[in-house]
Amino acid sequence: MNKRSFLKRLALTGIASTPAFQSISKTLQDYAEVTPATLASDEDFWAKIRSGYRLKNDYINLENGYYCFLPQEILEHYINHIREINYQGSWYFRTVQWDNKDKAAARLAGEFGGTPDEVAITRNATESLDIIISGYPWQRGDEAIFAHQDYGSIKNMFELAARRHGIVNKIVDVPLLPKSDEEIVKVYEDAITPRTKLIMVSHMINITGQILPVKKIADMAHAKGVEVMLDGAHCIAHFQFKIEDTGCDYYACSLHKWLSVPIGAGLLYVKKDKINKIWPLLAPYELDHANIKNLNHTGTHPVATDLAVNNALDFYQMIGGARKEERLRYLQTYWSDQVRDIPGIMVNTPADPSRACGIANVGIKGMDPGEMAKTLLEKYKIYTVGINYAGVVGCRITPNVYTSTQELDSFVKALKEMSKNA
């Protein structure tokens, strides 16, 4: 099989050719004139989307934030990619693997921002952020700023940089329920000194779901000569934005979360004029690439995941980014608005819909989050995760597009009963 025939064969196995995909497409055509905001509460429509997932009956899954498992369409095509690559063997790796990876990265750039030579596929957001932190041209005494609420292993990477390079880490606290954007910007601004080189900011704080005013933070930092790296692990395919519009220098995301790519795919964006500034974490196959390929080489890797990026993008674009964002925000406010004013229940996520989307955090006064998560699972058959650090005490709640309001009604009922017992 020659290269052209092989690429054609891969295209024919794409998600857009399947009956299930075409069925959902027909459903979407029927709702084409309905606005995303109106469609967000249409349970009949989302039940049809739900039918494309294989769901466990053991519990209600409200912990999609760690890993948004794949719709059956994406899963089946991913398995087909594995079979096809196993059939082609070394031929695939020595001919088309890099072309296919580049095409997938270009599609990601076209959908979410940046240019194709600024966007690379990594293995996850952690790797993407570690590439920047480890490869940054630190000098002894340089300062980095990040928040207590940031992701733990990334904070540890800054600690390793401090041990290795002698940098100084300054840790700030982001308010749980801010009164304004300026309140948040000031937190970072007050920590900047003439030695500050890099600020890391969570675009969406993973433990609470709060969306930070990253463009205002980036503008403030750049005015002071400081670069900005955004941890967007939960953002791409969750709510709509373009990476370049955030104003950041570096951006990272995990594609196995809200884009529903199989495990093993992340995104790294590096602004074009910053690429050559960063030392590669691992040596590339060829040194001194003129673009971001210099930074994401990891040797032989599971290339079927790269191909599945295209299937996940097909599925995301079929549903529509605006529809998905409106649905996720609707689900979050559907349950959180019902319990915000109940004594004994603490919602640790801002009520302002512009400051959150699908993720929120809720606690029961006097109850340890681990015990709360255990009670939800064992007594109410609701699966979530307890969070108890950086001033956040509660369970993170992350529904997905397949989640029904009936399931959230069960969750609200459980919270009300638990708050009375507490």
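As the structure is a prediction and not an experimental result, all values here were calculated from the model.

What follows covers the nonpolar core. Within the largest apolar cluster, 72 residues are counted, with the highest numbers of intra-cluster contacts made by L108, Y188, I236, Y251, L259 and L267. In contact with Y251, not counting residues within four places along its chain, are H203, L230, G232, C235, I236, F241, I243, L267, L268 and Y269. Membership of the second largest hydrophobic core comes to 28 residues, among which are I133, A144, Y250 and I275.

What follows deals with the sheet that holds strand β10 (residues 360–364). The four strands lie next to each other as β9-β10-β13-β12, forming an open sheet whose pairing is antiparallel. Looking at strand neighbours, the two that pair on one side only are β9 (345–347) and β12 (385–389), the edges of this open sheet. Across this sheet, the average inter-strand angle for adjacent strands is 35°, counted without regard to direction. Examined bridge by bridge, β10 and strand β13 (residues 392–397) share three bridges and lie antiparallel to one another. Bridging across to β13, N361 finds its partner in R396.

It is worth spelling out the side chain of K101 at this point. Summarising the element assignment, K101 is placed in helix α7 (residues 97–112). A distance of 3.1 Å separates the side chain of K101 from the side chain of D306, its partner in a polar contact. Setting aside chain neighbours within four positions, we find K101 in contact with I121, N296, H301 and D306.

As a further point, take the side chain of H256. Tracing the chain through its elements places H256 in the loop between β7 (250–254) and β8 (266–270). Assessed through its relative accessible area of 9%, H256 is described here as buried. Those residues in contact with H256, other than ones at most four positions away along the chain, are Y66, Y67, C68, N124, V261, P262, I263 and A265.

This part covers the confidence of the model for the protein. Residue-level pLDDT values for the protein average 94, and 95% of them are 70 or greater. This model gives residues 6–13 a pLDDT under 50, and the stretch forms 20 contacts once residues within four places in sequence are excluded.

Here S260, not a glycine, exhibits a phi torsion of approximately 60°, which is positive. Following the sequence through the fold, S260 ends up in the loop between β7 and β8. With phi around 55°, A390 is a residue other than glycine that occupies positive phi space. For A390, the location among the structural elements is in the loop between β12 and β13.

Turning our attention to the pattern of salt bridges. In this structure the tally under the stated criterion is 22 salt bridges. E159 is the salt-bridge partner of R163, the closest N and O atoms lying 3.0 Å from each other. Of the two residues, R163 and E159 are both situated in helix α9 (residues 152–165); the distance of four residues between them amounts to about one turn of the helix. In this structure, a network of salt bridges that share partners links the residues D181, E182, K216, D352 and R355.

Attention shifts here to the pairing of β7. Most of β7 is tucked away: five of the five residues are buried. On β7, burial covers both faces: Y250, A252 and S254 on one face and Y251 and C253 on the other are all buried. Looking at chain direction, strand β6 (residues 227–231) and β7 are connected through three bridges and run parallel. The residue bridging D231 from the neighbouring strand is A252, located in β7. Sheet topology places β7 next to β8; five bridges connect them, and they run antiparallel.

Let's shift gears to the packing of helix α13 (residues 321–339) against helix α15 (residues 405–421). The geometry of α13 relative to α15 is characterised by a closest axis approach of 9 Å and an angle of 25° between their N-to-C directions. On the basis of their axis angle, the class for α13 and α15 is roughly parallel. Crossing hand, α13 versus α15: right-handed. Between α13, through R327, Y330, L331, Y334, W335, Q338 and V339, and α15, the contact on the second element is made entirely by T405, L408, D409, F411, V412, L415 and K416. In terms of residue class, the contact of α13 with α15 is made up of nine nonpolar, two polar and three charged.

What counts and how
- Residues numbered from 1 in each chain as written.
- Predicted model: local features only at pLDDT ≥ 70, side-chain atom pairs only at ≥ 80, totals over all residues.
- Heavy atoms only, no water.
- Core = buried A, V, L, I, M, F, W, Y, C linked by side-chain atoms within 4.5 Å.
- Buried < 20%, exposed > 50% of the residue type's maximum accessible area, 1.4 Å probe, protein only.
- Contact = heavy atoms within 4.5 Å.
- Pairing = 2+ DSSP bridges.
- Helix = DSSP H or I, 4+ residues; strand = E, 2+ residues; numbered from the N terminus.
- Axes fitted to C-alpha atoms, helices over the stretch in contact; angles between N-to-C directions.
- Polar contact = N/O pair within 3.5 Å; in protein donor to acceptor, adjacent residues only side chain to side chain.
- pLDDT = per-residue confidence, 0-100.
- Salt bridge = Lys/Arg side-chain N within 4 Å of Asp/Glu carboxyl O.
- Parallel < 35°, antiparallel > 145°, perpendicular 65-115°, else oblique.
- Left-handed = near helix turned anticlockwise from the far one by under 90°.
- Nonpolar A, V, L, I, M, F, W, Y, C, P; charged D, E, K, R; others polar.

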